[in-house]
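The chain contents come next:
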Amino acid sequence: MKRAFNFSAGPAALPLEVLEEAAAELFDYRGTGMSVMEMSHRSDEFVEIAQRAEADLRELLDVSDDYAVLFLQGGATAQFAAVPLNLLGDKSAADHVNTGAWAKKAISEAKHYCRANVVASSEATKFDRIPPRAEWKLDPNAAYVHIIGNETIGGVEYHDVPDVGNVPLVSDMSSTLLSRPVDVSRFGAIYAGAQKNIGPAGLTIVIVREDLMGRAMAGTPSVFDYKIQADNDSMYNTPPTYAIYIAGLVLKWLKAKGGLAAMEKVNLAKAKLLYDLLDSSGFYRSPVTRDDRSRMNVPFTLNDSGRDEAFLKQAAQHGLTQLKGHRSVGGMRASIYNAMPLAGVQALVEFMRDFERRQG
Ligand code: PMP
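Student: Whenever I open this one, the sheet that holds strand β3 (residues 93-98) confuses me. Can you help?
Tutor: Hydrogen bonds between backbone atoms are what pair the strands of a sheet, whose relative direction is either parallel or antiparallel. Strand order across the open sheet formed by seven strands is β2-β10-β9-β8-β5-β3-β4, with mixed pairing between neighbours. Among the strands making up the open sheet, the edge pair consists of β2 (67-72) and β4 (115-121). Strand-to-strand, the axes of this sheet are offset by a mean angle of 20°, without reference to chain direction. As judged from the five bridges shared by strand β9 (residues 189-193) and strand β10 (residues 204-209), these two strands associate in the antiparallel manner. Following the sheet pairing, G193 is matched in β10 by T204.

Student: Could you clarify how one ought to interpret the nonpolar core in this entry?
Tutor: Soluble, globular proteins show a tendency: their nonpolar side chains are buried together. Membership of the largest hydrophobic core comes to 57 residues, with the highest contact counts inside it found for L61, W136, L178, I207 and L254. Broken down by element, the residue count for this core peaks at 10 residues, all from helix α6 (residues 241-256). When residues of this core are assigned to domains, at least three fall in each of domain 1 (17-256) and domain 2 (259-359). Once residues lying within four places of it in the same chain are set aside, the contact partners of I207 are L61, V63, Y67, A68, V69, V184, G188, A189 and I190.

Student: I keep staring at the site of the ligand and nothing clicks. Help me out?
Tutor: The ligand sits among G75, A76, T77, F80, W102, I148, N150, T152, D172, S174, Q195 and K196. Between W102 and the ligand, the recorded distance is 3.5 Å, taken from a side-chain N or O atom to an oxygen atom. The contact in question runs from a nitrogen atom of the ligand to an N or O atom on the side chain of K196, over 2.9 Å. For the ligand, whose free accessible area comes to 400 Å², the fraction covered by protein is 84%. In terms of residue count, helix α3 (residues 75-87) provides more of the shell around the ligand than any other element does, four residues in total. Residues belonging to the shell around the ligand are distributed by class as follows: four nonpolar, six polar and two charged.

Student: What is the right way to look at the environment of V298 in this model?
Tutor: Among the structural elements, V298 can be located in strand β12 (residues 297-302). Between the alpha carbons of V298 and V156 there is a distance of 8.8 Å; along the sequence they are 142 residues apart. V298 has contacts with L274, Y275, L278, M332, R333, A334 and I336, leaving out every residue within four places of it along the chain.

Student: What's the story with the domain arrangement of the protein in this structure? I'm lost.
Tutor: According to the domain assignment, the protein consists of domain 1 (17-256) and domain 2 (259-359). The straight-line distance from the C-alpha centre of domain 1 to that of domain 2 is 27 Å. Taken together, the contacts link 24 residues of domain 1 with 24 residues of domain 2. Summed over both sides, the interface between domain 1 and domain 2 buries roughly 2,000 Å², with carbon and sulfur atoms accounting for 56% of that surface. Between domain 1 and domain 2 we count zero salt bridges in total. The interface formed by domain 1 and domain 2 contains 13 residue pairs in polar contact (both at pLDDT 80 or more). Within the residue set of the side of domain 1 that touches domain 2, elements represented by two or more residues are α2 (44-61), β7 (156-157) and α6. Of all the elements, α6 adds the most residues to the side of domain 1 that touches domain 2, at three residues. Residues that form the side of domain 1 that touches domain 2 fall into these classes: nine nonpolar, nine polar and six charged.

Student: What is the right way to look at the packing of aromatic side chains in this model?
Tutor: Remark: the centre distance and the inter-plane angle together describe each pair of aromatic rings, the angle taken between the planes. Using the criterion set out here, one finds 12 aromatic pairs in the structure. Centre to centre, the rings of F283 and F355 are 6.0 Å apart; their planes meet at 55°, and the pair counts as tilted. With F283 in the loop between α7 (259-280) and β11 (284-285) and F355 in helix α9 (residues 342-358), the pair connects residues that are 72 residues apart, well separated along the chain. By relative accessible area, which is 0% here, F355 ends up buried. When the ring of F311 is compared with that of F355, the centres are 5.2 Å apart and the planes differ by 80°; the resulting orientation is edge-to-face. Of the two residues, F311 sits in helix α8 (residues 308-317) while F355 sits in helix α9, which places them 44 residues apart along the sequence. Using a relative accessible area of 0% as the deciding quantity, one classes F311 as buried. Members of the aromatic cluster, each reached through a chain of ring pairs, are F283, Y284, F300, F311, F351 and F355.

Cut-offs used in this document
- Once a new chain begins, its residue numbering starts again from 1 and follows that chain's sequence as written.
- It should be noted that, the model being predicted, local features are given only for residues of pLDDT at least 70 and side-chain atom pairs only at 80 or more, the latter also being counted only at that level, while totals for whole chains, interfaces and linings use all residues.
- Neither water nor hydrogens contribute to the side-chain values; these are computed over all heavy atoms in the structure.
- The pairing criterion is simple: DSSP has to find at least two bridges between the two strands.
- Working definition: helices are DSSP H or I runs of at least four residues, strands are E runs of at least two. Numbering for both runs from the N terminus.
- An axis is simply a line fitted to the C-alpha atoms; with a helix, the fit covers only the stretch in contact. Between two such axes, the angle follows the N-to-C directions and lies from 0 to 180 degrees.
- Residues belong to one nonpolar core when they are buried, are Ala, Val, Leu, Ile, Met, Phe, Trp, Tyr or Cys, and are joined through side-chain atoms within 4.5 Å.
- Note on classification: 1.4 Å probe, protein chains only; a residue is buried when its accessible area is under 20% of the maximum for its type, exposed when over 50%, partly exposed between these limits.
- Throughout, the edges of the domains are those of an automatic or database domain assignment.
- Residues count as neighbours in contact if any of their non-hydrogen atoms are within 4.5 Å of one another.
- Each residue is tested against the molecule or strand, and it is near if at least one of its non-hydrogen atoms lies within 4 Å.
- The term polar contact refers here to a pair of N or O atoms within 3.5 Å; inside protein, the definition further demands a hydrogen-donor-capable atom paired with an acceptor-capable atom, and it admits residues adjacent in sequence only when both atoms are side-chain atoms.
- For every accessible area listed, the method is Shrake-Rupley and the probe measures 1.4 Å; residues are considered covered only by the protein chains on display.
- We call Asp, Glu, Lys and Arg charged. Ala, Val, Leu, Ile, Met, Phe, Trp, Tyr, Cys and Pro are nonpolar, and the rest, Gly among them, are polar.
- Buried area: the accessible surface (1.4 Å probe) lost by two parts on joining, summed over both.
- The salt bridge criterion pairs a side-chain nitrogen of Lys or Arg with a carboxyl oxygen of Asp or Glu, the two atoms within 4 Å.
- By convention, a stacked pair of Phe, Tyr or Trp rings (six-membered ring in the case of Trp) has centres within 6.5 Å and planes under 30 degrees apart, an edge-to-face pair has planes over 60 apart, and any other such pair is tilted.

Rendered as structure tokens:
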């Protein structure tokens, strides 16, 4: 078996231990004579899997009983619509901070349902930073303030929770959830597609304050109505059972590794290795201001984009794969989620130093 150091932004690498456990149980889950993917979502075995996954997620993130944890489908993109549908209530506007490609998508979707105020934007500087909190022009009558916790394409991440007063803060944490401890109580809602740091594609996690539920706009599809899903233990319809099972194995793995504080330590060390190289080199460059750099997605460019192809080809020959930057920005991007070991980043940095020495 040959495993690459896979730097994909998502769907992304999963821990080998998780894949091994899933493989061992693939044909016969604990004596049931069937795979988890062949099992009724209402079976005792699967209900146990789903309950364990929720309990482990709550434990890892220290989620209080004031919040519902939902396992939905449709990706974070569906949440760009589900958030206004569920959380506008009697309000007609939502505040958005524009930090990049994902913020823009959230804004354009929200506009179908409400006035989406762009209260701050870093577009003028090519999304190289989080606009400083002091510059945000918040509307006290907005239903919520929406941010992207980590811009997966631009590589810009919030390193603290912005204070937005009494208006609920909503964050798309698709590419940062579980990479570090987070104070959930500071948020009205958090959502994330699973396929980066949590599990396979197909599962979307929503953590939402109980008192914000039950006010969905008329006509909200039932599967996207937080209250309906919460009242049905996220089984109003058939949930993505196998994705929940694998996410459950990832959560168990995270607990065995010491939880989110331990993960944060390793993630900081990985990011530092890579950014130190970028900053000390005249050959590579990070486009993001230092304070706002993502620990999960590290975009970088070569000083001569004519060498990009050679870089990617040779990297792949060294077992370092999926480093091509997003098609909208070009260059490279190394996504270094929890499942990427320190050794993978060390191997990448070594390769990059060597490539620079040889000038490709
Ligand atoms: N938000 C962020 C921050 C993302 O990284 C992504 C996926 N790359 C999305 C939203 C969209 O997620 P999905 O494709 O699961 O709908």
